Amino acid sequence: MGLFRRRRAVLADDWEAIVERAVAHWAHLDDDERDQMADLIEGLVTTKRWEAAQGFELTDEVRTVIAAQAALLVLGLDAGLDAYHDVGSVIVHPSTMRFRELAEGPAAGTVVDGDVDLLGQASYGGPVVIAWDAARRGARHPEHGHDVVLHEFAHKLDMLDHLVDGTPPLPDADARQRWIDVCTRELELLRAGEGGHLLDPYGATNPAEFFAVATEVFFSRPEELERHKPELYDVLRAFYRQDPAERVRRHRFER
Ligand SMILES: [Zn+2]
């Protein structure tokens, strides 16, 4: 279903079959959203530099699946792909990156995720680094609530105002204050071990990680987040201008 009116000259012929098979979110999107997604995916595949690390081979599937998840994040934003203007390249490792030495710590402005086992990385003014095995797992199994692609690209949205502080650019002072109030309260609950079962404790690291972890759950387990943390769901819905819980319900009704 969902044949597009335009041919996609740049994407692989079977790109839509790839996302249908590999990206669970795709099933919830309507035809208009899929059309927009196609433009975004094509833009990401063509305008970003894609690099394979450690002898890994970049395939159409790798590029398409990662681009589709990154595209989902900006589907409702006016900026569209401009929100990723700072993403020069996407570097894909075959699997979880293991580092023996973290003593020096990350460079300034760098967010490193996964401690010694690194699933991904997003640097201010630098690339997004993704472990393919984690990306593939997250795309297929949103029910686990983990998605490294959503996580790292959320860091890039956070960095749009040149601060890695867990608060992306918001339309006005009221929206910003509400964001800070809600996220600070939830971060404190998580730090106190009272954050509930949905948000990974890693989100307690700092406000930037909280936003990235909350974004993973917002898109991956939206109905549960809406039920258990309605205020957090609400500020994320207002920022992303998407209602993934409603999308899941609509899909269930239509099926
Ligand atoms: Zn992170």
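Here the residue numbers are simple positions, counted from 1 along each chain's written sequence. Local features in a predicted model are, by the rule used here, given only for residues with pLDDT of at least 70; side-chain atom pairs are given and counted only at 80 or more, and totals for whole chains, interfaces and linings are based on all residues. Processing note: side-chain calculations cover all non-hydrogen atoms of the structure and skip hydrogens and water entirely.

## Comments concerning the overall build of the chain
- We count a stretch as a helix when DSSP gives it H or I for four or more residues in a row; a strand needs E for two or more, and each element gets its number in order from the N terminus. Helix and strand counts for the chain stand at 10 helices and seven strands.
- Considering the chain as a whole, with its 255 residues, one finds that 53% of them fall into the buried category.
- Expressed as a percentage of contacts within the chain between residues at least 6 apart in sequence, the contacts between residues at least 24 apart total 65%.
- The method behind every accessible area is Shrake-Rupley, applied with a 1.4 Å probe, and residues are considered shielded solely by the protein chains displayed. For the chain, the accessible area works out to roughly 12300 Å², and carbon and sulfur atoms hold 49% of it. A simple rule labels every residue: compare its accessible area, found with a 1.4 Å probe on the protein chains alone, to the largest value its type can have, and call it buried under 20%, exposed over 50%, or partly exposed in between. The contact rule is simple, with two residues in contact once any of their heavy atoms fall within 4.5 Å.

## As for the nonpolar core
- We call a set of buried residues a nonpolar core when its members are Ala, Val, Leu, Ile, Met, Phe, Trp, Tyr or Cys and they connect through side-chain atoms within 4.5 Å of each other. In terms of nonpolar packing, the biggest core is built from 74 residues, with I41, I66, L232 and Y240 touching the most fellow members.
- The leading source of residues in this core is helix α3 (residues 60–73), at nine residues.
- With near-sequence residues (within four places) excluded, Y240 lies in contact with L73, G76, L77, A154, L157, F211, T215, F218 and F219.

## Observations regarding unusual backbone geometry
- Its identity as a non-glycine residue notwithstanding, H162 has a phi of 70°, on the positive side.
- Within the element layout of this structure, H162 appears in the loop between α5 (148–158) and α6 (173–191).
- Given a relative accessible area of 58%, H162 falls into the exposed group.

## Regarding the packing of α6 against helix α9 (residues 230–240)
- Only C-alpha atoms enter the line fits that serve as axes; for helices the fit covers just the stretch in contact. Angles between N-to-C directions range over 0 to 180 degrees. Close contact between α6 and α9 brings their axes to 10 Å; oriented N to C, the two are set at 140°. The angle between the axes of α6 and α9 places the two elements in the oblique class. Judged by the twist between their axes, the crossing of α6 over α9 is left-handed. Contacts between α6 and α9 pair R178, W179, V182, C183, R185 and E186 from the former with E231, L232, D234, V235, L236 and F239 from the latter.
- Residues are sorted three ways: Asp, Glu, Lys and Arg are charged, Ala, Val, Leu, Ile, Met, Phe, Trp, Tyr, Cys and Pro are nonpolar, and all the rest, Gly among them, are polar. Class assignment of the residues belonging to the contact of α6 with α9 gives a composition of seven nonpolar, no polar and five charged. Should an angle fall under 35 degrees it is taken as roughly parallel, and over 145 as roughly antiparallel, whereas 65 to 115 is taken as roughly perpendicular and any remaining angle as oblique. In this scheme the crossing of two helices becomes right-handed for a clockwise turn of the near helix relative to the far one and left-handed for an anticlockwise turn of less than a right angle.

## Side note on the packing of aromatic side chains
- To pair, rings of Phe, Tyr and Trp, with the six-membered ring standing in for Trp, must have centres within 6.5 Å; the planes then decide the type, stacked if under 30 degrees apart, edge-to-face if over 60, and tilted in the middle. A full pass over the atoms with the stated rule returns 11 aromatic pairs.
- When the ring of W179 is compared with that of F211, the centres are 5.5 Å apart and the planes differ by 70°; the resulting orientation is edge-to-face. Of this pair, W179 sits in helix α6 while F211 is found in helix α7 (residues 207–220), placing the two residues 32 residues apart along the sequence.
- On the accessibility criterion, W179 (2% relative accessible area) is buried.
- Here F211 and F239 contribute two aromatic rings whose centre-to-centre distance is 6.1 Å and whose plane-to-plane angle is 75°, an arrangement assigned as edge-to-face. Taken together, the positions of F211 in helix α7 and F239 in helix α9 put the pair 28 residues apart, joining distant regions of the chain. Summarising the burial analysis for this pair, F211 and F239 share the class buried.

## A word on the packing of α5 against α7
- Across the interface, α5 lies against α7 with an axial gap of 8 Å and an inter-helix angle of 130°. Regarding the angle of α5 to α7, the classification is oblique. The handedness of the crossing between α5 and α7 is right-handed. Contact residues: α5 offers V148, L150, H151, A154, H155 and D158, while α7 offers A208, E209, F211, A212, V213, T215, E216, F219 and S220.
- In terms of residue class, the contact of α5 with α7 is made up of eight nonpolar, four polar and three charged.

## Some remarks on the pairing of strand β2 (residues 89–93)
- Burial of β2 is extensive: five of the five residues sit out of reach of the surface.
- Judged by which residues are buried, β2 turns out to be covered on both faces: S89, I91 and H93 on one side and V90 and V92 on the other are all buried.
- On the question of chirality, the crossover connecting strand β1 (residues 49–52) to the parallel β2 by way of α3 is left-handed. Looking down the strands as they point away from the viewer, one classifies a crossover as right-handed if the path from the first strand across the helix to the second runs clockwise.

## Topic: the pattern of salt bridges
- Any Lys or Arg side-chain nitrogen found within 4 Å of a carboxyl oxygen on Asp or Glu counts as a salt bridge. Counted by the stated rule, this structure contains 17 salt bridges.
- Of the charged contacts in the structure, one is a salt bridge between R247 and E33, with a shortest N-O distance of 3.2 Å. Taken together, the positions of R247 in helix α10 (residues 244–254) and E33 in helix α2 (residues 31–47) put the pair 214 residues apart, joining distant regions of the chain. When sorted by exposure, R247 lands in the same class as E33, which is buried.

## Observations concerning a positive patch on the surface
- To count toward a patch, a residue needs a relative accessible area above 30% and no salt bridge. Like charges then connect within 9 Å, nonpolar side chains (Val, Leu, Ile, Met, Phe, Trp, Tyr) within 5 Å. In this tally, Lys and Arg are treated as positive and Asp and Glu as negative; His is ignored, and so are the chain termini. For this purpose, a charge sits on NZ of Lys, CZ of Arg, CG of Asp or CD of Glu. On the surface, R21, R136, R137 and R140 cluster together into a positively charged patch.
- Tracing the sequence through the fold places R21 in helix α1 (residues 15–22).

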